[in-house]
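Report on the structure
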Amino acid sequence: MATISLCMIVKNEEAVLDRCLSSIADLMDEIIIVDTGSTDRTKEIASRYTNQIYDFPWQNDFSAARNFSFSKATMEYIYTADADEVLDSENHKRFIYLKKSLLPEIEIVQMKYITSEEYNTVMNICNEYRPKLYKRLREFRWIDPIHETVQTEPLTFDSDVEILHLPQSQHSKRDFSLFLHAFGNGRPISDKLHSMYAKELFISGTDEDFLQAHSVFLQTIRNAANTESGSFPAGSTRLSEAVCILCRCKRIQNEITEFFKYALRSMAYYPCSEICCELGQYFYDIGDFEEAVRWYYCAANETSSILNIRTSGNIPLLKLGQCYRQMAENASEQTESYQILSEKYLADAASWEMPADNCQ
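This text gives an overview of the structure that appears in the document.

Conventions used here
Residues numbered from 1 in each chain as written. Predicted model: local features only at pLDDT ≥ 70, side-chain atom pairs only at ≥ 80, totals over all residues. Heavy atoms only, no water. Core = buried A, V, L, I, M, F, W, Y, C linked by side-chain atoms within 4.5 Å. Buried < 20%, exposed > 50% of the residue type's maximum accessible area, 1.4 Å probe, protein only. Helix = DSSP H or I, 4+ residues; strand = E, 2+ residues; numbered from the N terminus. Contact = heavy atoms within 4.5 Å. Pairing = 2+ DSSP bridges. Axes fitted to C-alpha atoms, helices over the stretch in contact; angles between N-to-C directions. Parallel < 35°, antiparallel > 145°, perpendicular 65-115°, else oblique. Left-handed = near helix turned anticlockwise from the far one by under 90°. Nonpolar A, V, L, I, M, F, W, Y, C, P; charged D, E, K, R; others polar. Salt bridge = Lys/Arg side-chain N within 4 Å of Asp/Glu carboxyl O. Expected span 1.5 Å × (residues − 1). Arc of directions from axis to C-beta. Phe/Tyr/Trp six-rings, centres within 6.5 Å; stacked < 30°, edge-to-face > 60°. Lys NZ or Arg CZ within 6 Å of the ring centre and 35° of its normal.

Core analysis: the biggest nonpolar cluster contains 51 residues, and Tyr197, Leu201, Phe217, Ile245 and Ile275 have the highest contact counts within it. Examining the composition of this core, we find that eight residues originate from one element, helix 8 (residues 237-252), more than from any other. Excluding residues within four positions of it along the chain, phenylalanine 217 makes contact with His194, Tyr197, Ala198, Leu201, Ala242, Ile245 and Leu246. Leu17, Cys20, Ile24 and Leu133 belong to the second largest nonpolar core, which has 32 residues in total.

Written out as structure tokens, the structure reads:
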């Protein structure tokens, strides 16, 4: 049977830590808790389960804290958990079976991570496979009978274990401050982090959060724009993300010329439902509901989302219903047809569900 070290980093988790540890402690052969500055009863609760509790000064860097926790592990595998995760009874049984049957050549085990829509501030999915169990020491092997080579890709197994993510509140405000810190310290930023920042803004960001991010995404455009033609190369993921953020910023600031500059560039090179919704909202705000309808219809039916799947789903449907309701109130003719369309789209928005391939 495989042996497992649980490695956790925590801070002020007294409300949820006992719930987490009580659901997984008996599955672990070693429990390591790294505290990054708790001022509540977190360490007291952790001490009920382990004496391996370490203080680690917070450095605005989750990776640094996680690396420190991994350095304390001694078992064959390392399991990572956040304090707001829970393993229910059925998945507790699945984990036991996994532990008993885990083949030694498996280096990473993925588990389904399930988050309710209410607290899903970054991803456009309700559940996804995430790597959760890692072999602590890796063994390199030669493969292929001829032209042999060392296997460099890890052997990954997708298990049937499901982890419930049950936070008590959103972490977006904390995350936004960390994003700004990461982008401002001069380190190269990965495409992944750039995309995660843009997604979290569009899914859970306030106007203030967008404006604080303005300089970050403006720098993306400055770095990547074709200086000879003044245009953006097609297919650039970073650029499409940056244009979406700047388009929203310019609408918030009522800088209309700049707003249309970014919106039109986006529609020319990489049209997306986020920009269609921005254009729809602009025309809705100035009372041109017929034009707003065209753009919201395009968002719902003619384009795809790149940051927030709801911009091609319930968001434009709801706005279409609101537009037709306004048109019905203002019209001297076609009032009944506008009312019917309003009721239809409002009902569609209320019944909209994330597509099956996004929410399994």
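Quick look at the pairing of strand 10 (residues 156-165) now. Pairing of strand 5 (residues 85-86) with strand 10, which is carried by two bridges, proceeds in the antiparallel orientation. Following the sheet pairing, valine 86 is matched in strand 10 by leucine 164. Pairing analysis gives seven bridges linking strand 6 (residues 108-115) to strand 10, with the strands arranged parallel. The residue of strand 10 that forms the bridge with tyrosine 113 is isoleucine 163.

Let's shift gears to unusual backbone geometry. Here the phi dihedral of asparagine 12 falls at roughly 50°; this positive angle occurs in a residue that is not glycine. As for its position among the elements, asparagine 12 is in the loop between strand 1 (4-10) and helix 1 (17-24). Note on asparagine 12: relative accessible area 34%, which makes it partly exposed.

One way to put it is that helix 10 (residues 273-285) packs onto helix 11 (residues 289-301) with a least axis distance of 8 Å and a crossing angle of 165°. For the element pair helix 10 / helix 11, the angle class is roughly antiparallel. Where helix 10 crosses over helix 11, the handedness of that crossing is left-handed. Facing helix 10, whose interface residues are Ser273, Cys276, Cys277, Leu279, Gly280, Gln281, Phe283 and Tyr284, helix 11 presents Phe289, Glu291, Ala292, Trp295, Tyr296, Cys298 and Ala299. Class assignment for the residues of the contact of helix 10 with helix 11 results in eleven nonpolar, three polar and one charged.

The next thing to look at is the pattern of salt bridges. When charged atoms on two side chains of opposite charge get close, those side chains can pair. One pass over the full model with this rule turns up 18 salt bridges. Between aspartate 82 and arginine 66 there is a salt bridge, with its nearest N and O atoms 2.7 Å apart. Of the two residues, aspartate 82 is situated in the loop between strand 4 (77-80) and strand 5 and arginine 66 in helix 3 (residues 62-71); the sequence distance between them amounts to 16 residues.

With 17 residues, helix 13 (residues 335-351) should cover 24 Å at 1.5 Å per step; its first-to-last C-alpha distance of 24 Å lies within 8% of that length. Residues of helix 13 that are buried include every one of Tyr338, Ser342, Tyr345 and Ala349, and no others. End-on view of helix 13: buried residues confined to an arc of 75°, all on one side of the axis. Away from its buried face, by an angle of more than 90 degrees, helix 13 presents the exposed residues Glu336, Ile340, Glu343, Ala350 and Ser351. Next to the buried residues of helix 13 lie helix 11 and helix 12 (314-330).

Let's shift gears to helix 8. Taking 1.5 Å per residue, 16 residues should reach 22 Å; helix 8 reaches 23 Å between its end C-alpha atoms and fits that length. Counting buried positions over the 16 residues of helix 8 gives 13, a clear majority of the element. Of the residues flanking the end of helix 8, it is asparagine 254, one or two places downstream, whose phi is positive at about 60°.

Evaluation of the coordinates by the stated rule reveals 19 aromatic pairs. Ring pairing ties together the aromatic residues Phe176, Phe179, Phe183, Tyr197 and Phe217, which thus form one cluster. Taking NZ or CZ as reference, lysine 319 lies 3.9 Å from the ring centre of tyrosine 284, over its face.

Taken in spatial order, the eight strands line up as 3-2-1-4-7-6-10-5 in an open sheet, and their pairing is mixed. Two strands close off the open sheet at either side, each with one partner strand: strand 3 (53-55) and strand 5. The pairing of strand 4 with strand 7 (residues 127-135) spans three bridges and is classified as antiparallel. Looking at the pairing, tyrosine 79 lines up with leucine 133 of strand 7. Along the sheet face, helix 1 touches strand 1, strand 2 (30-35), strand 4 and strand 5 and points at about 175° away from the line of strand 1. On the sheet, helix 4 (residues 89-101) packs against strand 1, strand 4, strand 6, strand 7 and strand 10 and is oriented at approximately 155° with respect to strand 10.

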